[in-house]
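A structural walkthrough
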Amino acid sequence: PRSDCVVAEQLCLSDSACNATYRTLENCALAKTHLLPLDHDSRVRCLNAELDLGNSSLLHCKCHRRMKRQEHCLRIFWTVHSSVTDGYFSLETSPYENPANEEHWKTDYNKLAALVSGKNCSQLAGDATNPCLKATHVCNLSKKCFRQRTEYASICTKGAGSEDVCDRRKCHRGLRNFFEKVPEDFTKSILFCPCQDEFCGERRRKTIVPDCSFQYNTKPNCLWLLDSCLEDHICKSRLADFQQNCQPADMSPDGCSLHNRAACLQAYMGMIGTPMTPNYISNSSVEVSLWCTCESSGNQKEKCDQILSMFESNKCL
């Protein structure tokens, strides 16, 4: 199995040759983060340093979604793979290890798909109940789920109804904590609860507190959202994971190039609480989107549309 990047870094730093190569890569990644132009020799030196790692555990290391030092691990990954982000939209390599409980996700996804499409809805959800309200009640029975949900709701609603602006960064962090620390059975039930009416749909849409985490006063350009995302190790990593696992394929029966909608669903949840947080577009559909527009994109209109279509018209998602 691949080692995690924190362990791999420690091994590398204890070896003089690997240490020197890694320090070179750190400087390359730092220059890229601060958008400093690299001359030809510097670019060659950075590429050679990455190649010099050869088959070291550092080059093949991964991170885990729920690990304690996740941000540190992701920083190491992108230091070693800084050339992957060259050009536009080339984040095909996810820094995350595939979840061990993949089969659990597949089974659960089938049930969720049946619920959303309305099959067995009365049997699974009950005719007279609001499934989203029911999912919230179930969450409240768990101390951990109740505490994390209350925490992010409190942060994300500060400033509501007044001239104060909510702290979007803190709100996003609270949302990420909820989806990372609470067992998935609770989080998926709240986020993907099936609805038959608009009251239920509105509750589902407000799961991630759109006024704070999702909506700005005016819709920003989607390219601006992407730039904000690529400057953040967590968002860049979640986007890479989303691109890898939600890659649509027209000829595939399930619409996914990797034939694993379960992994796509998990990757989608990972985007919540980042600068590119998606949400349901209304209280009467299960369509999702980013809060951004491609108007005034000039000669980058095609690139902008590509970002938006990852969520709005992605057959796999």
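Residues numbered from 1 in each chain as written. Predicted model: local features only at pLDDT ≥ 70, side-chain atom pairs only at ≥ 80, totals over all residues. Heavy atoms only, no water.

In the annotation of an unreviewed UniProt entry, the protein chain is listed under the name GFRA4 protein and assigned to Dasyornis broadbenti. Its UniProt record, at the heading Sequence similarities (unreviewed entry), says of the protein chain: "Belongs to the GDNFR family." Looking at the protein chain in UniProt, the text filed under Subcellular location (unreviewed entry) is "Cell membrane". (UniProt positions renumbered as here; feature names shortened; annotations may be inferred.)

Within the secondary structure, Ser297 is located in the loop between strand E2 (288-290) and helix H16 (301-312). Exposure remark for Ser297: the relative accessible area of 10% places this residue in the buried category. Beyond its immediate sequence surroundings of up to four residues, Ser297 is in contact with Asn221 and Cys304. A distance of 2.9 Å separates the side chain of Ser297 from the side chain of Asn221, its partner in a polar contact. (Helix = DSSP H or I, 4+ residues; strand = E, 2+ residues; numbered from the N terminus. Buried < 20%, exposed > 50% of the residue type's maximum accessible area, 1.4 Å probe, protein only. Contact = heavy atoms within 4.5 Å. Polar contact = N/O pair within 3.5 Å; in protein donor to acceptor, adjacent residues only side chain to side chain.)

The next point concerns the packing of helix H7 (residues 131-140) against helix H11 (residues 198-205). Contact pair H7 / H11: the axes reach a minimum separation of 8 Å and the direction vectors enclose 45 degrees. Compared by their axis directions, H7 and H11 come out oblique. Note on element contacts: H11 touches H7 through Cys200, Arg203 and Arg204, opposite Pro131, Cys132, Leu133 and Thr136. (Axes fitted to C-alpha atoms, helices over the stretch in contact; angles between N-to-C directions. Parallel < 35°, antiparallel > 145°, perpendicular 65-115°, else oblique.)

Our next topic: the packing of helix H14 (residues 233-245) against helix H15 (residues 261-271). Contact geometry for H14 and H15: axes closest at 8 Å, N-to-C directions at 155 degrees. Compared by their axis directions, H14 and H15 come out roughly antiparallel. Relative to H15, the crossing made by H14 is left-handed. For the pair H14 and H15, the contacting residues are Arg238, Leu239, Asp241, Phe242 and Asn245 in the first and Ala263, Cys264, Ala267, Tyr268, Gly270 and Met271 in the second. Class assignment of the residues belonging to the contact of H14 with H15 gives a composition of seven nonpolar, two polar and two charged. (Left-handed = near helix turned anticlockwise from the far one by under 90°. Nonpolar A, V, L, I, M, F, W, Y, C, P; charged D, E, K, R; others polar.)

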